[in-house]
Amino acid sequence: MSAVIEETHEHHDHKPTGIGRWLFSTNHKDIGTMYLWFSFIMFFVGGSMALVIRAELFQPGLQLIEPEFFNQMTTLHGLIMVFGVIMPAFVGLANWMVPMMIGAPDMALPRMNNWSFWLLPGAFGLLIASLVMSLMGMGSAPNFGWTFYAPLSTTYGPSSTDFFIFSVHLMGISSIMGAINIIATIMNMRAPGMTYMKMPIFVWTWFITAYLLIAVMPVLAGVVTMMLMDRHFGTSFFNAAGGGDPVLFQHVFWFFGHPEVYIMILPSFGIISQIVPTFARKKIFGYSSMVYATASIAFLSFIVWAHHMFTTGMPVAGELFFMYATMLIAIPTGVKVFNWVSTMWKGSMTFETPMLFAIAFIFLFTIGGFTGLMLCIAPADFQYHDTYFVVAHFHYVLVTGAAFGIMAGVYYWIPKWTGNMYDEKLGKLHFWLTAISSNVLFFPMHFVGLAGMPRRIPDYSLQFAEFNAMATVGAFVFGFSQLIFLYNVLKTQRGGVKATSKVWEGAEGLEWTLPSPAPFHSFTTPPTVK
Amino acid sequence: MSTTNHGEYYIPEPSKWPIVGTIALTTTVIGAVNTIHAGGEINLLLPVGLLLIAYLLFGWFGAVVDESMAGKYNEQVDRSFRIGMLWFIFSEVMFFAAFFGVLFYVRVFIMDWLAGGSNNAMTHELLWPGFEAVWPLLTNPDNAAVAGPDKAMGPTGLPAINTAILLLSSVTVTIAHHALRQDHRKPLIIWLAATVALGMIFLFFQVEEYVYAYRELGLTLDSGIYGSTFFMLTGFHGMHVTIGTTMLLVMLVRAIKGHFTSDNHFAFEAVAWYWHFVDVVWLGLFIFVYWL
Amino acid sequence: MRAATRVAGILGLMLISGLSHAAYQLNMTPGVTSFSQGAYDIHMMVMWICVVIGIVVFGAMIYSIVKHRKAKGAVAADFHENTTIEVVWTIIPFLILIAMAIPATRVLLAMEDTSNSEMSIKVTGYQWKWHYDYLGEDVSFFSNMSTPMEQIEGMEQKGENYLLEVDNKMVIPVNKKVRLLFTSNDVIHAWWVPEFGVKKDSIPGYINESWIEVPEPGIYRGKCAELCGQYHGFMPVVVEAKSEEDYVAWLDSQRAMAAEAAASAEKTWTQADLMNQGEKVYKTACAACHQANGEGLPNVFPGLKGSAVALGDIAKHIDIIINGVSGTSMQAFGAQLNDADIAAVVTYERNAWGNDTGDVVQPADVKAAR
Ligand code: HEA
Ligand code: HEA
Ligand code: CUA
Ligand SMILES: [Cu+2]
């Protein structure tokens, strides 16, 4: 029989102690925990920026901050939420759950795993340092939106742009190494009998996400490198005078950017596909079509990027191609939605917090998907583009989609992580406040967007006032509701009703065969999967 | 400690290297930015960061080599390393793909549009009436602001020689690999040394070529989009050749020390894959940057 | 809990009171052009399709949430696969998508057809204003936002067209196919008038085309729709459509004004006139960055109050304004302002805010410096 071979052989479940446990960790659970806490902290940082934005937009007129600072808030809010919250949270969940779900003791490349994590504080340190400098009156933090279009970010970018560029490089290295690790783990560490088509859907979605990451993060690194060269070394990539093209920037950026948005949703699809069967007490409907749908979404995501660029004046053939290709994504995504509904159909459902979040996810993500479909209709997008309608779309898919998926996953798995049940009452309170306020926050954005309010503006004309005020109220309720979440997580970490190893009545899968809390090394002997 | 761990899981002990790596990279990039902002005056953090990176590479790889020599790795670990290396190379492919994509976009679309093609008739008429789409682009749209090169870099001469050198080096590294698989140490060392030498010659010629481009052709990084794509593609490739050659050199040292056996030489193979990858990129470069 | 109700109450009050000067709007405007009508129709169609699909999907979900709950004694069935149904719900959405794609394609092709236009206007984006050039008519001018800072900062009641008003409107004749040629002087902007359904990026170094044909006279308002720096939010577009005769008259008046301005550049001005004119120019062209009080914004825009340039060599001062500082947002104003305006603004900057140099710069000095 196989056994874990460790340097420090004496204790079987030996845990390093002190700060070194975290700094030098090679343990997937500790690293997963660090990822999750990092993401949680960044959620509050990026969320506080959103609250600054919303406070300024509460009424027309400039009240609290200068337009320049407003742009910095928008930019950093977008960057932090995307790269500092959603992506690290997913990697954290993958770290915790993938080895347990496939019956492995740890990730395939544990030291690289730790490096992937520790690069993030470095990267975000650089980014946030430029904000601190800006607050101290020394230059400006990045202020060109999370999409950093040239030439606003090249010729006209503030000098902190260079820190931003390298910060993106570090994030890229981190994501690529993280993705390689997940691929190696899934390909190489599965327990005997765990064939690909037996893997839990969460593992599948991450497997595919990891490929997306390896394919597009280097392209992002390429585009920021070209920016750096244009800024300081005289190249003309994005400058027509030298034979370049500002729109070229957008093509390269969105070749990364569009797959990126699926990177931010596929793992949530995976989480929902774990949770719905558990609480419906019924197997997932259409397992294999779920897998194929995920793969199709990933494939299509590479050929739709220019739907972000309909107004840049592409030749009409290009506009048509990207419109058609984008529309196709509705099909595999629809398959997923229908399969979730069919899984619930004739189940025996209960509604604990994870399930509540999962159901809200299906409702609200679908709404966000519908608006996405509207956006991809090129002639209509001429009216939607760069308005709050787009902002509404992506917050539905990102906040009530990706973030709800993460919250659902945390509630679902935290008993396994800590060995304690979370406080169900608080969980439900958190859910209802979050679900209601997020709609008060984001739904009115559809209206102001259609009525013609552009995005990324610190001040707006009078006809948008009511709905903006409403959104701001929703934002503050939403923001402060997250303190309940924080409190609930801390409380669960400290103690509570002991969880059984299976935790949920309807749960199935290897992770539920391990005791709660899961042992330091998940499976010291590979389980056999029938 | 056991010597053969086949069929058992291996988990490395906690390690300081990831943290060193983070500090090294962060220090380096801060130093790099400060250096750029100081107009090229070297900021202390840059050399410190680079030294830390060197320390990291020696330390981390050293530790892995020691563990490997101590026989701690089993087949599963070996497989993880292989998967890791392959997908790492794939990510590098995508990095180059971005730059190749830019090159194609420039050549196929931008040249045409600036000259009034597709829906850009007015771009040509009102903004760049004198512009002519010829590749390599010697006269930029606004040649007063961004002066174009005097001449283009042709495929003959140094680039052709370098192509031959790299192709040859791919052969020599393969011969070395065969030798290694049969545990023939001497040919291994000879052919590996030949590969390293070819890599160095390539780099030498590339420097020559750059000097020639700057001095004789007026082809520089700031001579418009032709110079931009030329130097970015060949420059990043050259950087990869440098890394590859260094890694080959390390393999040579290890081969001389007798580290590899016919059934345990993952490091060698990884470097060989990398070398082939660098080679293939060069072929793409030769065809699309120099030749067509 | 009581505190929470109070806060909610206050917020609610704020919502209904005070803020409701303008009627709000929930949906996209159908607009006045065939463009905007096309966009509106397709928007409504896709939206209703989505609503219907939503009702079906959410309906099924809600039904099963209500009926198939454990609390009601539901027992889980054990089906988990059905290839037929998977195929069905792959094909039906596909057909629906085709139904959407056909009209979308039709509308798009019509929109992108700029042929047979009767006149062309070149629209150039600047940080943060628009420039309109009537090709072949010898008429061109800048269009700046005219909402005063006092309204923005809340010191004055906000007007009806808050942030949507400009000093010089773009004027077009009705019922004529007008081709618009978009480009930019610095970063990417986007020219957008919702009622026309036209939103096009203006990109430095390239020209994008679009067209409008407005059926009724009126004033149409829009905004820049691409993040273009600090004052992106303060870059309105205002278009006035006039009858053919009024349009021609307007063209003539524009030419007359230009001639007058040219003449004024020939004469010698008094310091008081220069200061007056200078202040006007400064407010519209410079204050966005250097601020009305001349203090600029630390580390972003240099202050001119007490600055070495404004107190030092006059030639250098004029040169910076004519040629700008390349690689910064300080544009070359030589092409935007005439000699008189530049002379006036230089005089103003050298004598305002305690920069009491007493210097007087005449249009002729500027002309010489060009
Ligand atoms: C998690 C992230 C995420 C996800 C999943 C999506 C999903 C989709 N997005 Fe979105 N999108 C963003 C994040 C995301 N997006 C972001 C961040 C931006 C803005 C970036 C920026 O500019 O800053 C953006 C912007 C954006 C634009 C550009 C808008 C503009 O700037 O003008 C477009 C245009 O096509 C678009 C389309 C789509 C489509 C078609 C989908 C589809 O995948 C949706 C598919 C889902 C459904 C359709 C619902 C379920 C399906 C059914 C129930 C089946 C039946 C349905 C039908 C047949 C109708 N998105
Ligand atoms: C996953 C991503 C994600 C998430 C979760 C969010 C969450 C939120 N976002 Fe946003 N958002 C983006 C991604 C995301 N966003 C992106 C990509 C953009 C585009 C950027 C660009 O244009 O470049 C954007 C842009 C954007 C805008 C448009 C800005 C503009 O165009 O100028 C607005 C405006 O309302 C907004 C609001 C919000 C709000 C209110 C939340 C809320 O959900 C936030 C909830 C708040 C909290 C969670 C904070 C809790 C804090 C406290 C309670 C205070 C206590 C403090 C401490 C303890 C420190 N976001
Ligand atoms: Cu101009 Cu935004
Ligand atoms: Cu997209």
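The numbers attached to residues start from 1 for each chain and follow its sequence in the written order. Note on labels: chains are lettered from A, ligands numbered from 1, in written order. Restriction of local features to residues with pLDDT of at least 70 applies here, the model being predicted, together with a cutoff of 80 or more for giving and counting side-chain atom pairs; totals for whole chains, interfaces and linings are based on all residues. With hydrogens and water excluded, all non-hydrogen atoms of the structure serve as input to the side-chain values.

## Points about the overall build of chain C
(1) Moving on: A run of DSSP states H or I qualifies as a helix once it reaches four residues; a run of E qualifies as a strand once it reaches two. Both are numbered from the N-terminal end. The helix and strand tally for chain C stands at ten helices and ten strands.
(2) Moving on: Here the globule rule reads 2.2 Å times residues to the power 0.38, and the radius of gyration is calculated from C-alpha atoms. Its C-alpha atoms give chain C a radius of gyration of 28 Å, clearly above 21 Å, the size a compact globule of 370 residues would have.
(3) Moving on: Counting only C-alpha atoms and orienting by the principal axes, one finds that chain C spans roughly 95 × 65 × 40 Å.
(4) Moving on: The buried label applies to any residue whose accessible area, calculated with a 1.4 Å probe on protein chains only, is under 20% of its type's maximum; exposed applies above 50%, and partly exposed to all values in between. Burial statistics for chain C: of 370 residues in total, 50% are counted as buried.
(5) Moving on: The contacts of chain C with a sequence gap of at least 6 include a subset with a gap of at least 24, amounting to 63%.
(6) Moving on: Using a 1.4 Å probe, accessible areas were evaluated by the Shrake-Rupley method; residue-level cover was limited to the displayed protein chains. Surface exposure of chain C reaches about 16,900 Å², of which carbon and sulfur atoms provide 58%.
(7) Moving on: Taken together, the 28 basic and 41 acidic charged side chains of chain C have centroids lying 10 Å from each other. In this description, contact between two residues means that some pair of their heavy atoms is separated by no more than 4.5 Å. Lys and Arg are tallied as positive, Asp and Glu as negative. Neither His nor the chain termini are counted. Each charge is placed at NZ for Lys, CZ for Arg, CG for Asp and CD for Glu.

## Regarding the overall build of chain A
(1) Moving on: Of regular secondary structure, chain A possesses 16 helices and one strand.
(2) Moving on: A compact globule built from 530 residues would reach a C-alpha radius of gyration of about 24 Å, and chain A, at 23 Å, matches this within 12%.
(3) Moving on: Looking at chain A alone, contacts between residues at least 24 apart form 83% of all its contacts between residues at least 6 apart.
(4) Moving on: For chain A, the exposed area adds up to about 13,800 Å²; of that, 72% sits on carbon and sulfur atoms.

## Let's talk about the nonpolar core
(1) Moving on: Counting 371 residues, the largest nonpolar core has Phe83 of chain A together with Tyr134 and Trp191 of chain C as its most contacted members.
(2) Moving on: Among buried residues, those of type Ala, Val, Leu, Ile, Met, Phe, Trp, Tyr and Cys that are joined through side-chain atoms within 4.5 Å constitute a nonpolar core. Leu274, Cys286, Ala287 and Leu304 of chain C belong to the second-largest nonpolar core, a separate cluster that totals 25 residues.

## Observations concerning the coordination of the copper ion (ligand 4)
All names here are of chain A.
(1) Moving on: Coordination sphere of the copper ion (ligand 4), protein contribution only: His258 (ND1), His307 (NE2) and His308 (NE2), at 1.8 to 2.1 Å.
(2) Moving on: A separation of 4.5 Å is found between the copper ion (ligand 4) and the iron atom of ligand 1. Of this pair, histidine 258 sits in helix H7 (residues 246–263) while histidine 307 sits in the loop between helix H9 (287–300) and helix H10 (316–328); the two residues are 49 residues apart in sequence, bridging distant segments of the chain.
(3) Moving on: Accessibility expressed as a relative area gives 3% for histidine 258, which makes it buried. Metal donors: N, O and S atoms at distances within 2.8 Å, or within 3.2 Å for Na, K and Ca, with water omitted from the atom set so that some sites may seem incomplete.

## Considering the packing of aromatic side chains
(1) Moving on: Within 6.5 Å between ring centres, the rings of Phe, Tyr and Trp (the latter by its six-membered ring) count as paired, and their orientation is classed by plane angle as stacked under 30 degrees, edge-to-face over 60, tilted in between. Inspection of the entire model under this criterion finds 103 aromatic pairs over all chains.
(2) Moving on: The interplanar angle of 80 degrees and the centroid separation of 5.0 Å between the aromatic rings of phenylalanine 117 of chain A and tryptophan 118 of chain A together place this pair among those described as edge-to-face.
(3) Moving on: Against the face of tyrosine 196 of chain A rests arginine 190 of chain A, its NZ or CZ located 3.9 Å from the ring centre.
(4) Moving on: Charges are assigned to positions over rings by a cutoff of 6 Å between ring centre and Lys NZ or Arg CZ, combined with an angular limit of 35 degrees from the ring normal. The ring of phenylalanine 142 of chain C has lysine 129 of chain C sitting right over it, with the charged end atom 5.6 Å from the ring centre.

## Focus: the coordination of the iron atom of ligand 1
(1) Moving on: Coordination of the iron atom of ligand 1 by the protein involves just one donor, His393 of chain A (NE2), at a distance of 2.2 Å.
(2) Moving on: Within the secondary structure, histidine 393 of chain A sits in helix H14 (residues 388–418).

## So, the packing of helix H2 (residues 28–56) of chain A against helix H3 (residues 67–102) of chain A
Residues and elements named next belong to chain A.
(1) Moving on: Axis lines are fitted through C-alpha atoms, for helices just across the contact stretch, and the angle between N-to-C directions can take any value from 0 to 180 degrees. At their nearest, the axes of H2 and H3 sit 7 Å apart, and the two run at 155 degrees to each other. If you check the angle between H2 and H3, you find them roughly antiparallel. In this structure, H2 crosses over H3, and the sense of that crossing is left-handed.
(2) Moving on: Ten residue types, Ala, Val, Leu, Ile, Met, Phe, Trp, Tyr, Cys and Pro, are classed as nonpolar, four, Asp, Glu, Lys and Arg, as charged, and the remainder, Gly among them, as polar. Classifying every residue of the contact of H2 with H3 by side-chain character gives 24 nonpolar, eleven polar and two charged. An angle below 35 degrees is read as roughly parallel, one above 145 as roughly antiparallel, one from 65 to 115 as roughly perpendicular, and any other as oblique. Left-handed describes a crossing whose near helix is turned anticlockwise from the far helix through less than a right angle; right-handed describes the clockwise counterpart.

## Describing the confidence of the model for chain A
(1) Moving on: Considering every residue of chain A, the mean pLDDT works out to 92; 97% of them sit at 70 or more.
(2) Moving on: Scored from 0 to 100, pLDDT reflects the predictor's confidence in each residue. Note on residues 1–12 of chain A: pLDDT under 50 across the span, and 29 contacts to partners over four residues away in sequence or across chains.

## Quick notes on the domain arrangement of chain C
All names here are of chain C.
(1) Moving on: Throughout, the edges of the domains are those of an automatic or database domain assignment. As far as domains go, chain C holds domain 1 (34–112), domain 2 (119–251) and domain 3 (265–369).
(2) Moving on: On the side of domain 2, eight residues touch domain 1, which itself brings six residues to the contact.
(3) Moving on: We define buried area as the total accessible area lost by two parts upon association, computed with a 1.4 Å probe and summed across both. Buried area between domain 1 and domain 2, summed over both chains or domains, comes out near 480 Å², and the portion from carbon and sulfur atoms is 48%.
(4) Moving on: Considering only the surface of domain 1 that becomes buried against domain 2, Phe35, Ser36 and Glu112 emerge as the three largest contributors, covering 74% of it.
(5) Moving on: We define a salt bridge as a contact between a side-chain nitrogen of Lys or Arg and a carboxyl oxygen of Asp or Glu at a distance within 4 Å. Taking the shortest distance from any N to any O, the salt bridge between glutamate 112 and lysine 200 comes out at 3.5 Å.
(6) Moving on: Counting of polar contacts relies on pairs of N or O atoms within 3.5 Å, with two restrictions inside protein: one atom must be capable of donating a hydrogen and the other of accepting it, and residues adjacent in sequence are counted only when both atoms are side-chain atoms. One can count three residue pairs in polar contact (both at pLDDT 80 or more) joining domain 1 with domain 2.
(7) Moving on: Of all elements in the fold, only helix H2 (34–67) and helix H3 (83–111) reach the threshold of two or more residues within the side of domain 1 that touches domain 2.
(8) Moving on: Per element, the largest residue contribution to the side of domain 1 that touches domain 2 is three residues, and it comes from H2.
(9) Moving on: Of the residues belonging to the side of domain 1 that touches domain 2, the class tally is three nonpolar, two polar and one charged.

## So, the site of ligand 2
Residue and element names in this part refer to chain A.
(1) Moving on: Whether a residue is near a molecule or strand depends on its heavy atoms: it is near if one of them lies within 4 Å of it. For ligand 2, the set of nearby residues contains 32 residues, the closest of which are Arg54, His77, Trp146, His395 and Arg456.
(2) Moving on: Within the side chain of histidine 77, an N or O atom sits 2.8 Å from a nitrogen atom of ligand 2.
(3) Moving on: In this structure, arginine 455 approaches ligand 2 through a side-chain N or O atom, which is 3.1 Å from an oxygen atom.
(4) Moving on: Of all the secondary structure elements, the ones that give two or more residues to the shell around ligand 2 are H2, H3, H14, helix H15 (424–451) and helix H16 (465–494).
(5) Moving on: A breakdown of the residues in the shell around ligand 2 according to their chemical character gives 20 nonpolar, nine polar and three charged.

## With respect to the confidence of the model for chain C
Residue and element names in this part refer to chain C.
(1) Moving on: Summarising the model, chain C shows a mean pLDDT of 87, and 93% of its residues fall at 70 or more.
(2) Moving on: The low-confidence segment residues 9–21, where pLDDT is below 50, has 15 contacts with residues more than four positions distant or belonging to other chains.
(3) Moving on: Both scores are given for the predicted complex: the pTM is 0.92, the ipTM 0.91.

## So, a nonpolar patch on the surface
(1) Moving on: Put simply, a patch holds well-exposed residues, over 30% relative accessible area, that have no salt bridge, with like charges counted together within 9 Å and Val, Leu, Ile, Met, Phe, Trp or Tyr side chains within 5 Å. Taken together, the side chains of Leu328 of chain A together with Val87, Ile91, Phe94, Leu95, Ile98 and Ile102 of chain C define a hydrophobic patch exposed on the protein surface, amounting to about 590 Å² of accessible area.
(2) Moving on: With six residues, the single largest contributor to the nonpolar patch is H3 of chain C.
(3) Moving on: Mapped onto the secondary structure, phenylalanine 94 of chain C falls in helix H3.

## What to know about the interface of chain C and chain B
(1) Moving on: Contact with chain C, which involves nine residues of that partner, is made by ten residues of chain B.
(2) Moving on: A buried area of about 760 Å², summed over both sides, lies between chain C and chain B, and 66% of it is on carbon and sulfur atoms.
(3) Moving on: Its largest share of buried area at the contact with chain B, chain C owes to Gly205, Tyr206 and Ile207 of chain C, together 64% of the area lost on that side.
(4) Moving on: Across the contact surface, chain C and chain B share zero salt bridges.
(5) Moving on: With three residues, the top contributor of residues to the side of chain C that touches chain B is strand E5 (residues 178–184) of chain C.

## Some words on the sheet that holds strand E7 (residues 198–202) of chain C
Residues and elements named next belong to chain C.
(1) Moving on: Strand pairing is assigned whenever DSSP identifies at least 2 bridges connecting the two strands. A sheet is described by the order of its strands in space; here five strands give the open sequence E4-E10-E9-E6-E7, paired in mixed fashion. Two strands lie at the open edges of the sheet, namely strand E4 (170–173) and E7, each paired on one side alone. For this sheet, the mean inter-axis angle between neighbouring strands, taken without regard to orientation, is 25 degrees.
(2) Moving on: For E4 and strand E10 (residues 236–242), the ladder comprises four bridges, and the chain directions are parallel. Residue pairing for E10: isoleucine 172 is matched across the bridge by alanine 241.
(3) Moving on: Here helix H5 (residues 244–264) sits on the sheet in contact with E4 and E10, set at roughly 140 degrees to E4.

## Examining the pairing of strand E1 (residues 119–126) of chain C
Residue and element names in this part refer to chain C.
(1) Moving on: The buried fraction of E1 amounts to eight of the eight residues, a majority that puts the element mostly inside the structure.
(2) Moving on: Burial of E1 is two-sided: the residues Met119, Ile121, Val123 and Gly125 facing one way and the residues Ser120, Lys122, Thr124 and Tyr126 facing the other way are all buried.
(3) Moving on: Note: E1 against strand E2 (residues 129–134), six bridges, orientation antiparallel. Residue pairing in the sheet places isoleucine 121 in a bridge with tyrosine 134 of E2.
(4) Moving on: Adjacent in sequence and paired antiparallel, E1 and E2 are bridged by two residues.

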